[in-house]
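Fold and geometry: a report
Spelled out, the chains give:
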Amino acid sequence: MSIVVTGATGELGRLVIDALLTGESAVPASSVAAVVRDKEKAADLAERGVELRIADYNRPETLADAFEAGDRVLLISGSEVGRRVAQHGAVIDAAKAAGVAQLAYTGVLGGPEADFTLADEHKATEELILASGLPHTLLRNGWYSENYTANLAPVLAHGAVVANAGEGRIASASRADYAAAAAAVLTGPAEEHLGRAYELSGDTAWSLAEYAAEVAAQTGREIAYSDVPAATHLEILTGAGVPAPFAEILVDVDRAVALGALALRTGDLARLIGRPTTPIAESIKEALAAS
Ligand SMILES: NC(=O)c1ccc[n+]([C@@H]2O[C@H](COP(=O)([O-])OP(=O)(O)OC[C@H]3O[C@@H](n4cnc5c(N)ncnc54)[C@H](OP(=O)(O)O)[C@@H]3O)[C@@H](O)[C@H]2O)c1
């Protein structure tokens, strides 16, 4: 019986492992297993005493030994957009066959109500989880602040935050906040979390105009928010080398932001982690210090 984290070599997965080993409710490394597709990439996790289970979402046969009866599992959604329903379905089937005690899944804020392209695979996955009958916890993650702060270079280079998000607000939180929440539901009393859907987002929602103003204040540079039509944004993104299918997804996300789809604040995240979420200003500060 272990706490098992898939996608453990990804950015969120590493933070979840870290939260499990060193966070508020730390557990011994011997009780933690990481499902990874690349053993070499996970060498540091093995060094910390975490058991490695090698499996690929695309190869269901490799998932047969990924889980054991009684495991509490975090399925971190995959990164290959368009393939994820089949991939997640394979993980759910393997978890069901093993008889895991809890399957937590990182979905998207709003769950069935989320009305943007990127949410479709999360909605379909939630349906598979419900149909499986597995004891589950849905972690409907809002936006990572890092989605924005990891892209400060072009903002500083052009003195502009370019988007088609209007005055829409984003209740983002740091990846580490979402990781701490995942660790809390994997280590806390299972009965508190089973059958629950948490809408996880930051305590404060901000607009891109406010984001631009905060970057300007912290850097002493002039940074404007340039709210452009969707078609213009698409042209700018593809012109900058973003592949068209991904650019379309980004433009669609901004459309959803404009409609308030990522502004939902329930307080679930702060409650699960037992502290306020990380303010966007703090994430900007960290990103500027690291650049
Ligand atoms: N809420 C948000 O703002 C937001 C933003 C971006 C993404 N997401 C979602 O949240 C997930 C976690 O975010 P992240 O920042 O940690 O992303 P990430 O760094 O790209 O991590 C994705 C993880 O999924 C693993 N993975 C992908 N395909 C796999 C496969 N076929 N078999 C096994 N493992 C596979 C990757 O393995 P490798 O390490 O081997 O590549 C990696 O560990 C993303 O995958 C995406 O679904 C959410």
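Structure report, in brief. (Residues numbered from 1 in each chain as written. Predicted model: local features only at pLDDT ≥ 70, side-chain atom pairs only at ≥ 80, totals over all residues. Heavy atoms only, no water.)

A complete count under the given rule lists 16 salt bridges for this structure. Across the pair Arg255 and Asp252 runs a salt bridge whose closest N-O atoms are separated by 3.0 Å. In this pair, Arg255 and Asp252 are both assigned in helix α11 (residues 244–258), three residues apart and thus about one turn of the helix distant. Residue class for Asp252 comes out buried when judged on its relative accessible area of 14%. Three or more residues joined by partner-sharing salt bridges are found here, namely Glu51, Arg53, Glu68 and Asp71. (Salt bridge = Lys/Arg side-chain N within 4 Å of Asp/Glu carboxyl O. Helix = DSSP H or I, 4+ residues; strand = E, 2+ residues; numbered from the N terminus. Buried < 20%, exposed > 50% of the residue type's maximum accessible area, 1.4 Å probe, protein only.)

Close to the ligand lie 23 residues, the nearest being Thr9, Leu12, Lys41, Ser77 and Asn147. Within the backbone of Leu12, an N or O atom sits 2.7 Å from an oxygen atom of the ligand. Within the complex, the protein chains bury 83% of what would otherwise be the 900 Å² of accessible surface of the ligand. Elements that contribute at least two residues to the shell around the ligand include exactly α1 (11–22) and α3 (84–98). (Near = heavy atom within 4 Å. Polar contact = N/O pair within 3.5 Å; in protein donor to acceptor, adjacent residues only side chain to side chain. Areas by Shrake-Rupley, 256 points an atom, 1.4 Å probe, with all protein chains shown as cover.)

Next up on the list: the side chain of Thr278. Mapped onto the fold, Thr278 is located in the loop between α12 (268–273) and α13 (280–290). Relative accessible area serves as the criterion here: at 16%, Thr278 is assigned to the buried category. Within the structure, Thr278 has its side chain in polar contact with the side chain of Ser174 (distance 3.4 Å). Beyond its immediate sequence surroundings of up to four residues, Thr278 is in contact with Ala173, Ser174, Asp177 and Ser283. (Contact = heavy atoms within 4.5 Å.)

A word on the environment of Arg255. When its relative accessible area of 32% is taken as the criterion, Arg255 is described as partly exposed. Taking the C-alpha atoms as reference points, Arg255 and Gly220, 35 residues apart in sequence, are found 30 Å from one another. Once residues within four sequence positions are removed from consideration, Arg255 is found in contact with Asp115, Phe116 and Asn164.

A separate point is the sheet that holds strand β6 (residues 136–141). The seven strands lie next to each other as β3-β2-β1-β4-β5-β6-β9, forming an open sheet whose pairing is parallel. The two strands at the open ends of the sheet, each matched to only one other strand, are β3 (51–54) and β9 (196–200). Neighbour-to-neighbour, the strand axes of this sheet turn through a mean angle of 20°, independent of strand direction. Strand direction decides the pairing type here: strand β5 (residues 102–108) and β6, joined by six bridges, are parallel. When the bridges of β6 are listed, Val108 appears paired with Asn141. Against the sheet, α1 contacts β1 (3–6), β2 (32–36), β4 (72–75), β5 and β6, and its axis sits at roughly 160° relative to β1. Helix α4 (residues 120–132) rests against β5 and β6 of the sheet, and its axis sits at about 160° to β5. (Pairing = 2+ DSSP bridges. Axes fitted to C-alpha atoms, helices over the stretch in contact; angles between N-to-C directions.)

It is at 9 Å that the axes of helix α10 (residues 230–239) and α11 come closest, and there the two elements cross at 145°. With respect to the hand of their crossing, α10 and α11 are arranged in right-handed fashion. Packed against α10, whose contacting residues are Ala230, His233, Leu234, Leu237 and Thr238, the element α11 presents Ala244, Ala247, Glu248, Leu250, Val251 and Asp254 at the interface. Residue classes in the contact of α10 with α11 are distributed as seven nonpolar, two polar and two charged. (Left-handed = near helix turned anticlockwise from the far one by under 90°. Nonpolar A, V, L, I, M, F, W, Y, C, P; charged D, E, K, R; others polar.)

Close contact between α3 and α4 brings their axes to 9 Å; oriented N to C, the two are set at 20°. In terms of axis orientation, α3 runs roughly parallel to α4. The handedness of the crossing between α3 and α4 is right-handed. Of the residues in α4, those in contact with Arg84, Val85, His88, Gly89, Ile92 and Lys96 of α3 are Glu121, His122, Ala124, Thr125, Leu128, Ile129 and Ser132. Across the contact of α3 with α4, the residue classes break down as five nonpolar, five polar and three charged. (Parallel < 35°, antiparallel > 145°, perpendicular 65-115°, else oblique.)

Here the focus is the packing of aromatic side chains. Here the distance between the centres and the angle between the planes together describe a pair of aromatic rings. The final tally for this structure, using the stated rule, is five aromatic pairs. Ring geometry for Tyr144 versus Tyr178: centroids 5.8 Å apart, planes at 55°, classification tilted. Taken as a pair, Tyr144 in the loop between β6 and α5 (146–149) and Tyr178 in helix α7 (residues 175–187) lie far apart in primary sequence, 34 residues in all. On the basis of relative accessible area, Tyr178 is assigned to the buried category, the value being 2%. Three or more aromatic residues link up through ring pairs in this structure, and these residues are Tyr148, Trp206 and Tyr211. (Phe/Tyr/Trp six-rings, centres within 6.5 Å; stacked < 30°, edge-to-face > 60°.)

Everything listed here is a matter of coordinates, which is why it stays silent on function.
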